[in-house]
Amino acid sequence: MRQVIVIGAGASGMMAAVTAARAGCKVIILEHTARSGRKIEITGNGKCNFTNTRQELSCYHTQKPAYVKQILQQFTVEQTLEFFEDLGIVPKCKNGYYYPYSGQAQAVSQALRREAERLRVRFACNMRIINIKKEHMFCVETESISLPEKQKKNIRCKSKEHSSEQSHSRYTYTADAVILATGSKAASFTGSDGSGYVLAEKLGHTIRKPLPALVQLQCTEKETALLAGLRAEGSVTLYIDGKPFEKEFGEIQFINNGLSGIPIFQISSHGARALAEGKQVAVRVNFLSGTGWKSIPEQLEMRKRKLKHTAVSQFLCGLLHERAIKALCKKMDIKGNQPVETLENSQWNQLTELLQAWEFPITKTGSYDQAQVCSGGVVFDQLEEGTLESRLLPGLYFAGEILDVDGICGGYNLQWAWTSGYVAGTKAAEG
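Our subject in this report is the structure included herewith.

The rules behind the values
- Residues numbered from 1 in each chain as written.
- Predicted model: local features only at pLDDT ≥ 70, side-chain atom pairs only at ≥ 80, totals over all residues.
- Heavy atoms only, no water.
- Pairing = 2+ DSSP bridges.
- Helix = DSSP H or I, 4+ residues; strand = E, 2+ residues; numbered from the N terminus.
- Axes fitted to C-alpha atoms, helices over the stretch in contact; angles between N-to-C directions.
- Contact = heavy atoms within 4.5 Å.
- Core = buried A, V, L, I, M, F, W, Y, C linked by side-chain atoms within 4.5 Å.
- Buried < 20%, exposed > 50% of the residue type's maximum accessible area, 1.4 Å probe, protein only.

1. Description of the pairing of strand β8 (residues 127-134)
With 7 bridges connecting them, β8 and strand β9 (residues 138-144) associate as antiparallel partners. The partner of I129 across the bridge, within β9, is T142.

Here is the structure:
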């Protein structure tokens, strides 16, 4: 019986383990936290958007889109839905976004864990990986992590996943194949601490610098303090070195030191990479892009003619939230009770520009802990075509967030986890 070690009990790791076990392999998962699937259980605000009908390559950020496409074709959305339905997860589709019908992310992680246990996959939790080497077989050297007594009481010790070899301070596991599915550095409180990058580098693999993605963007615009807490529908355009790069539409959330919300998350990966490369980054917000107006300047001129005797604050009422109106007036250094008809041409032009393209200079992203995923990771150049197997060390495979690919919001990062886990588990079983 072929033996496979999976390092990491997250989405891609458990998928890889289940796939390899179904193919007849003896599988053990080594996990450095107390239990499996922690990150799955917080995805989608605890509802777990686990895949998406729309599958376009533009939904995935990577330096090697052709390689990613080749992998994604091997385990499709249809196969993902069928896989989870067989495990008892009834899918609910909302505008192409799939969730478990129960609305609980925990159901997904529990289903994977149950299937792994049914297939006699062993879970060794609280295990730190010390070293990986290969002679005739792979040897994975581990060290058990001692937990404080208080933390031990919170572990469900009856579960098979907690029957790890904790009586040994050090233990060596051997296998024919190893799958690295350790995740990234994002949301480290779930166990994703970036340790997989270190292991991959020790084995000769190149790591594209990991950066926070699906994360807030912080800026220097002082008016953000007045906008903090406001949610406004509109479009955002990412500018890199003064040139438009990417545009998104949705609900923008303003925070004390910057911008948040799904449209900001969608552009954050490219913004983070540009900042790391020393480029100038800015976001321009169009507050009126959702009005449906064919020509915003023309509509504003018509509105001005109708409401010329009103104050600026009244002119903007019905277009902007009161808090945004106050911030805009402060930005322009005018009073809200000033009549619109008294605005000079330069002030009117500034007003129309701010409504359509208020620029927020970006200085940095939120932290790794605030990020949902990371941009960067193990590069694909050193992997065999279509298998996720290392060219440098045959029998070593990669799956999930450790690789240089990150998806936009909408279930794409989990779809990558399911697909890459399936491919890695299948190829590891085939040998």
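Past the structure itself, the notes keep going.
2. Digging into the sheet that holds strand β18 (residues 358-365)
Adjacent strands of a sheet pair through backbone hydrogen bonds, lying either parallel or antiparallel. Taken in spatial order, the 6 strands line up as β13-β16-β15-β14-β17-β18 and close into a barrel, and their pairing is antiparallel. Mean inter-strand twist for the sheet, computed between neighbouring axes without regard to direction, equals 45°. The pairing of strand β13 (residues 217-219) with strand β16 (residues 258-260) spans 2 bridges and is antiparallel. When the bridges of β16 are listed, L217 appears paired with L259. Those strands touched by helix α12 (residues 345-357) are β17 (281-286) and β18, and its axis lies near 105° from that of β17.

3. Quick word on the nonpolar core
If you look at the biggest cluster of nonpolar residues, it comprises 88 residues, and the most contacted ones within it are L403 and W418. At 9 residues, the largest contribution of residues to this core is made by helix α13 (residues 412-430). Those residues within four positions of W418 in sequence are excluded, and the remaining contacts are A11, M15, I40, F50, F75, T80, F84, V108 and L112. In this structure, I240, C329, L343 and L351 belong to the second largest nonpolar core, which totals 42 residues.

4. Details of the sheet that holds strand β7 (residues 122-124)
Spatial ordering of the open sheet is given by β7-β2-β1-β11-β20, a layout of 5 strands whose pairing is parallel. Only two strands of the sheet have a single neighbouring strand rather than two, namely β7 and β20 (396-398). Shown here is a sheet whose adjacent strand axes are inclined to one another by a mean of 20°, direction ignored. Across 3 bridges, the pairing between strand β11 (residues 177-180) and β20 is parallel. Paired with L180 across the bridge in β20 is F398.

5. Describing the environment of T172
Position of T172 relative to the elements: it lies in strand β10 (residues 170-175). On the basis of relative accessible area, T172 is assigned to the partly exposed category, the value being 44%. Here the alpha-carbon distance between T172 and M137, two residues 35 residues apart in the chain, equals 12 Å.

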